[in-house]
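Take a look at the letters that make up each chain.
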Amino acid sequence: MRIYSSGTIDIPRNVNLTELLHKTGRPLPESHLIAADSLTNRSITLGELRDRAGRIAKALHDKLQPQDQARWALIVPNSVDFLEIFHAILWTGGIVAPINWALKDAEIGHGIAVSQPKYIVAYGAIMDLVNRAIRVAEKELDAAGTTWQRPVVVSIVTPVPGLLHIGTDFLAPAGQRLPIPHYPDTSDRVATIHLSSGTTGKPKGVQLTHLNYVANVLQLFAHDPKQFHAGSRTVTITPWAHIGMTTMPLFNAPYMGLFHHAMPSYNLEQMAAIAGSCQATTFQGPPSVVLQMARSDITKRFDFSHAQTITVGGANFKSDVLDPLLKMAPWKLVQVYGMTEAAGYVAFQKLDEEVPQGVVGYLLPSIEACLKKEGTGEDVPEGAAGELWLRGPNITKGYLFNSDATRSAFPAPGWYNTGDVCKIDRLGRISIVGRTKELIKYKGFQVSPAELESYINSHPAVSESGVAATWDESQLTELPTAWVVLKDEVAHSPAAIKSALKDIHASIDAQVSGYKKLRGGVWHIKALPKNATGKILRKPMAAMRDVPSSL
Ligand code: ATP
Ligand code: MG
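All figures in this text were calculated on a predicted structure; none of them were measured in a lab.

Quick word on the overall build of the chain
A tally of regular secondary structure across the chain gives 16 helices and 25 strands. Here the chain has a C-alpha radius of gyration of 24 Å; the compact-globule value for 551 residues is 24 Å, and the two agree. With the principal axes as the frame, the chain shows a C-alpha extent of 70 × 55 × 50 Å. The buried share among the 551 residues of the chain stands at 59%. When contacts within the chain are restricted to residue pairs at least 6 apart in sequence, those whose partners lie at least 24 apart make up 70%. Of the roughly 21,900 Å² of accessible surface on the chain, 52% is carried by carbon and sulfur atoms.

Structural data, given as structure tokens:
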């Protein structure tokens, strides 16, 4: 078996996340500021986070006496409170199940059902929504024949009459912190249940251990200490409940000295204003968010002069779409590849490294990778694309209450099949071709939706696009088919739309090999269906065909 890796580093198996909170990768004073927020206008230093998390943990422990490894759902906007309560729960030996507070009842309800928490800590201002979500979870679990006791609900930030409140009821007096726990082996000790994005099905509950997170922090720091410097400042508008953002403010920031300004929800304009005033050095988001930045004029109206990097990951994109953005500020594009099951990051482009189009960087150290033919477990020939399997200390031990999904995700002991089709070049750099489940099979040829989207997005009339298969009954094959959101100035009349679609269709077909041609047509759509992390939901999209097309 051909195994790729970028070397190994020493990762201790007896350091938990509360102990890590008390260590740093470089000298940092306790007064080092690590976070501030727009929800409560609070800010917090490293020393204050250690102190307050320990005191909240003590009060939780004394008043609720939670069992070791009790599960706590956290439905809280990005904020300083989010950091404190997350660390406090870990400190008590609990497991945190973060759920994006901005989701709808049904989605939050599914998240609750997945983790079956004993406690819920929820933003007081959305308590009605949380109660509705609990009923959704009860129904879902009831239908599955699972008994689950209604959780104890505690409010945070905004107090709610009749409910205990974190800030008031759970803060031990100064000087009284819960003792820091120690576990001789953290590899089996679950720290969080994270929901996957739900791109290929309903979100799954990924169990991530203390070892998984400690490993990923050390892997990232060893990979590129220069990029994660103690003067790094950012403003985040994407939810910290999603793995793409969880580890940065929670675990990497205290260890490396990064500063995060937290915004509770998505607002590009406010983000840019705060970024200007806090002299942000780094920005991040999925391609959909970064594209919106590229199409806005925020870099002209606010001060982006301290920008060093803009980090993009989570879904495929063609980097030249971002060329105009790269000229707007002194930042460098950093591509990143990761997933929930890897406790965050798998590959991260280094600051000093230029990469060709499509390459997301080198594997982090201590991750092993191999490329397999779909469904066979056989190696692919050198240089060819295959399904990426990963092994390493940051890889999940499996899904909670879902042994079927765990079994199919781990085709061989220790090896997690990402379901992503990738290539690895001679230097060990990864590029993502697409996802096994989303590849289109045209008469036996495999077509990557992401590749076709990258061509379509470069067309001047196109704002955004999605590609998926439609079924052709007469030929018994899938056909590559595109859905496009046209730019406003193009979509002014039905005739203009039709002509733009025909032009896009002809121009893409002229650029690609025969089997990749858009035989299912190019269809007009007002907005692409997406999940909360900005990824295109191809199944619902494929059902939308009652709109003008190029055919
Ligand atoms: P689900 O597993 O529930 O279907 P999901 O896989 O989208 O959802 P996440 O764990 O949030 O949930 O996302 C990880 C996936 O995102 C990766 O497996 C990969 O398909 C995609 N991804 C992440 N980074 C990149 C990138 N830079 N380029 C292309 N795809 C990426
Ligand atoms: Mg996934």
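A look at the sheet that holds strand S24 (residues 477-486)
The three strands lie next to each other as S23-S24-S25, forming an open sheet whose pairing is mixed. Both edges of this open sheet fall to strand S23 (462-472) and strand S25 (522-524), since each of them pairs with a single strand only. The mean angle between the axes of side-by-side strands here comes to 30°, regardless of whether they run parallel or antiparallel. With three bridges connecting them, S24 and S25 associate as parallel partners. Bridge pairing in S25 links tryptophan 483 to tryptophan 523. Strand contacts of helix H15 (residues 494-511): S23, S24 and S25, with the helix running at about 150° to S25, the strand carrying the most contacts.

Quick look at the nonpolar core
Note on soluble globular proteins: their nonpolar side chains tend to be buried together. Formed by 86 residues in total, the largest nonpolar core has its most connected members in Leu60, Ile85, Val121, Ile166, Tyr337, Phe348 and Leu390. In terms of residues, this core owes the most to one element, helix H3 (residues 80-91), which gives nine residues. By size, the runner-up hydrophobic cluster in this structure holds 30 residues, among which are Leu268, Val289, Val321 and Leu333.

Describing the side chain of threonine 309
Tracing the backbone shows threonine 309 in strand S12 (residues 309-313). Within the structure, threonine 309 has its side chain in polar contact with the side chain of threonine 282 (distance 2.9 Å). For threonine 309, the residues in contact, after removing those within four places along its chain, are Thr281, Thr282, Phe283, Trp331, Lys332, Val334 and Leu351.

Some details on unusual backbone geometry
Within the chain, glutamine 65 stands out as a residue other than glycine whose phi angle is a positive 45°. Along the chain, the position of glutamine 65 falls in the loop between helix H2 (46-64) and strand S3 (71-75). Given the relative accessible area of 63%, glutamine 65 is considered exposed.

Some thoughts on the site of ligand 1
Close contacts around ligand 1 come from 21 residues, with Ser196, Thr199, Thr200, Thr340 and Asp420 the closest. Within the side chain of threonine 199, an N or O atom sits 2.5 Å from an oxygen atom of ligand 1. In this structure, an oxygen atom belonging to ligand 1 sits 2.9 Å away from a side-chain N or O atom of histidine 242. Within the complex, the protein chains bury 95% of what would otherwise be the 640 Å² of accessible surface of ligand 1.

Some thoughts on the environment of alanine 222
You can see alanine 222 is positioned in helix H7 (residues 210-223). If near-sequence neighbours (up to four positions away) are discounted, alanine 222 is found in contact with Ile9 and Pro365.

Concerning the state of the cysteines
Per the counting criterion, the structure on display carries zero disulfides. Unpaired in terms of disulfides, cysteine 370 finds its nearest cysteine sulfur in cysteine 422, a separation of 11 Å. Here cysteine 370 falls in the buried class, since its relative accessible area comes to 0%.

Describing the packing of H3 against helix H8 (residues 243-256)
Orientation of H3 relative to H8, taken along the N-to-C sense of each, is 75°, at an axis distance of 10 Å. In terms of orientation, H3 and H8 fall into the roughly perpendicular class. Each of Phe82, Leu83, Phe86, His87 and Leu90 in H3 lies in contact with H8, whose residues at this interface are Thr246, Pro249, Leu250 and Phe251. Looking at the contact of H3 with H8, its residues break down into seven nonpolar, two polar and no charged.

As for helix H9 (residues 268-277)
Taken as a whole, H9 has its buried residues at Leu268, Met271, Ala272, Ile274, Ala275 and Gly276. Buried residues in H9 make contact with strand S9 (233-236), strand S10 (259-262), strand S11 (282-285), helix H10 (287-295) and helix H11 (298-301). The backbone nitrogen of glutamate 269 lies 3.2 Å from a side-chain oxygen of the residue at the head of H9, namely asparagine 267. Once H9 finishes, glutamine 279 follows within two positions and takes phi at roughly 55°, a positive value.

Each value, and the rule that gives it
Residues numbered from 1 in each chain as written. Chains lettered and ligands numbered in written order. Predicted model: local features only at pLDDT ≥ 70, side-chain atom pairs only at ≥ 80, totals over all residues. Heavy atoms only, no water. Helix = DSSP H or I, 4+ residues; strand = E, 2+ residues; numbered from the N terminus. Rg over C-alpha atoms; globule rule 2.2 N^0.38 Å. Buried < 20%, exposed > 50% of the residue type's maximum accessible area, 1.4 Å probe, protein only. Contact = heavy atoms within 4.5 Å. Areas by Shrake-Rupley, 256 points an atom, 1.4 Å probe, with all protein chains shown as cover. Pairing = 2+ DSSP bridges. Axes fitted to C-alpha atoms, helices over the stretch in contact; angles between N-to-C directions. Core = buried A, V, L, I, M, F, W, Y, C linked by side-chain atoms within 4.5 Å. Polar contact = N/O pair within 3.5 Å; in protein donor to acceptor, adjacent residues only side chain to side chain. Near = heavy atom within 4 Å. Disulfide = S-S within 2.5 Å. Parallel < 35°, antiparallel > 145°, perpendicular 65-115°, else oblique. Nonpolar A, V, L, I, M, F, W, Y, C, P; charged D, E, K, R; others polar.

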